[in-house]
Amino acid sequence: MSSSTSTPVEAGPAVVVPRRRRGGGDPGDTRPTNWWATALIAVCSLTVIIPLYLAVAVALKTPAQLADGTGFELPWPINWDNFAVAWERTDFPQALLNTAIITVGSVVFTLFTSSLVAYALARNLHRPFFKGVFYYLLAALFVPFPIIMLPLVKQTSLLGLDNPGGMIVLYTIYGLSLNIFIYTAFIRSIPIELEEAARMDGASTWRVFRQIVFPLLMPMNATVGILTCVWAWNDFIMPLVVLTSPSDRTLSLAQYVFQGQYNTDYTVAFASYLMAMAPLLIIYIFSQRWVISGVMRGSIK
């Protein structure tokens, strides 16, 4: 007879299955929910949601419906005529075109000039002249615009800059201080060895900036571009004091037509506000993937 020997089976390491967080989410994330931070975010979101709801509700009401309530009631019946009236009274297509030209031109010129000036300053801050220029530009951040508003009106009139082209130049110049402050700190964090290696291969300074430095500035380009775009699109004071021709007025100036001395047409005004906000919101929705990918590429590099 043959006897069979049994071989003991070794038990493998125990597999620990992480507990899934309540409410779904990533099953591998076992961190507890920070309810205080969640509540704070929810409260802060109300500061945006409530005014936005009020703007939409008022824009869809008639003046009689607005006068009979507090403004927060749901509009019924919905009055779409406010948007048609706002379209005609503001000459919306022309105002939109003027605003788009000024905004796009300001963003393009700002990204090019600010990054180039910041690169020259960041690589030469050890020299007294460049350091003095850097602090001189930073000092401009502390000069309020109302102080230079009247001299600006006189100068733009003498130089023929009281038009959309002049607005592009002004936005580029007045955004230089803050943008250089943002760019310079980031450029100084880029290893100088990358530029030295390119120069050993025969690259000029312009080629080094164009092919090496500027692609690495994608995170800062996204930041500066967004700040400049929102500023130029929503600005009211500078177009008001600079632009002289009614055909050159921007969306913010076109909406000023609803502000009367004794009354304000709130329903049509709020409809025009939504119309002015919609293009910028649509652009952000469709371009956020490129903004985020640009930030990620810049951080990886």
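Residues numbered from 1 in each chain as written. Predicted model: local features only at pLDDT ≥ 70, side-chain atom pairs only at ≥ 80, totals over all residues. Heavy atoms only, no water.

J.: Can you walk me through the side chain of Arg123 in this structure?
T.: Positionally, Arg123 belongs in the loop between α4 (92-122) and α5 (128-139). Separated by 3.1 Å, the side chain of Arg123 and the backbone oxygen of Ile190 make a polar contact. Those residues in contact with Arg123 that sit more than four places away from it in its chain are Ile187, Arg188, Ile190, Pro191, Ile192 and Glu195. (Helix = DSSP H or I, 4+ residues; strand = E, 2+ residues; numbered from the N terminus. Polar contact = N/O pair within 3.5 Å; in protein donor to acceptor, adjacent residues only side chain to side chain. Contact = heavy atoms within 4.5 Å.)

J.: Would you mind showing me how to read the environment of Tyr273 here?
T.: Its location among the elements puts Tyr273 in helix α14 (residues 266-300). Looking at Tyr273, the relative accessible area reads 31%, which means it is partly exposed. (Buried < 20%, exposed > 50% of the residue type's maximum accessible area, 1.4 Å probe, protein only.)

J.: Even after reading the chapter, I still don't get the nonpolar core, so can you show me in this structure?
T.: Across soluble globular proteins, you tend to see nonpolar side chains buried next to one another. With 38 residues, the main nonpolar core has Ile180, Tyr183, Ile187 and Val213 as its most contacted residues. Among the secondary structure elements, those contributing two or more residues to this core are α4, α5, α8 (176-188), α10 (205-216), α11 (218-234), α13 (251-254) and α14. Of all the elements, α4 adds the most residues to this core, at eight residues. Each residue touching Val213, except ones within four places of it in the same chain, is listed here: Tyr119, Ile190, Glu195 and Val208. Core analysis: the next-biggest nonpolar cluster, separate from the first, contains 10 residues, Ile102, Met167, Met238 and Leu243 among them. (Core = buried A, V, L, I, M, F, W, Y, C linked by side-chain atoms within 4.5 Å.)

J.: Looking at this model, I keep getting lost on the packing of α4 against α11. Mind explaining?
T.: Between two packed helices, both the angle of their axes relative to each other and the distance between the axes serve to describe the pair. Running from N to C, α4 and α11 cross one another at 150 degrees; their axes reach a closest spacing of 9 Å. One finds that α4 runs roughly antiparallel with respect to α11. The crossing of α4 and α11 is right-handed. Contacts between α4 and α11 involve Leu96, Thr99, Ala100, Thr103, Ser106, Val107, Thr110 and Leu111 on the former and, on the latter, Asn221, Val224, Gly225, Thr228, Cys229, Ala232 and Trp233. (Axes fitted to C-alpha atoms, helices over the stretch in contact; angles between N-to-C directions. Parallel < 35°, antiparallel > 145°, perpendicular 65-115°, else oblique. Left-handed = near helix turned anticlockwise from the far one by under 90°.)

J.: Explain α8 to me, please; I cannot follow it from the model alone.
T.: The α-helix winds at 3.6 residues per turn, so residues separated by three or four positions along the chain end up facing the same way. When the terminal C-alpha atoms of α8 are compared, their 18 Å separation across 13 residues agrees well with the 18 Å that a helix rising 1.5 Å per residue should span. Burial in α8 covers these residues: Leu176, Ser177, Asn179, Ile180, Ile182, Tyr183, Thr184 and Ile187. Buried residues along α8 sit in contact with α4, α5, α7 (164-174) and α11. (Expected span 1.5 Å × (residues − 1).)

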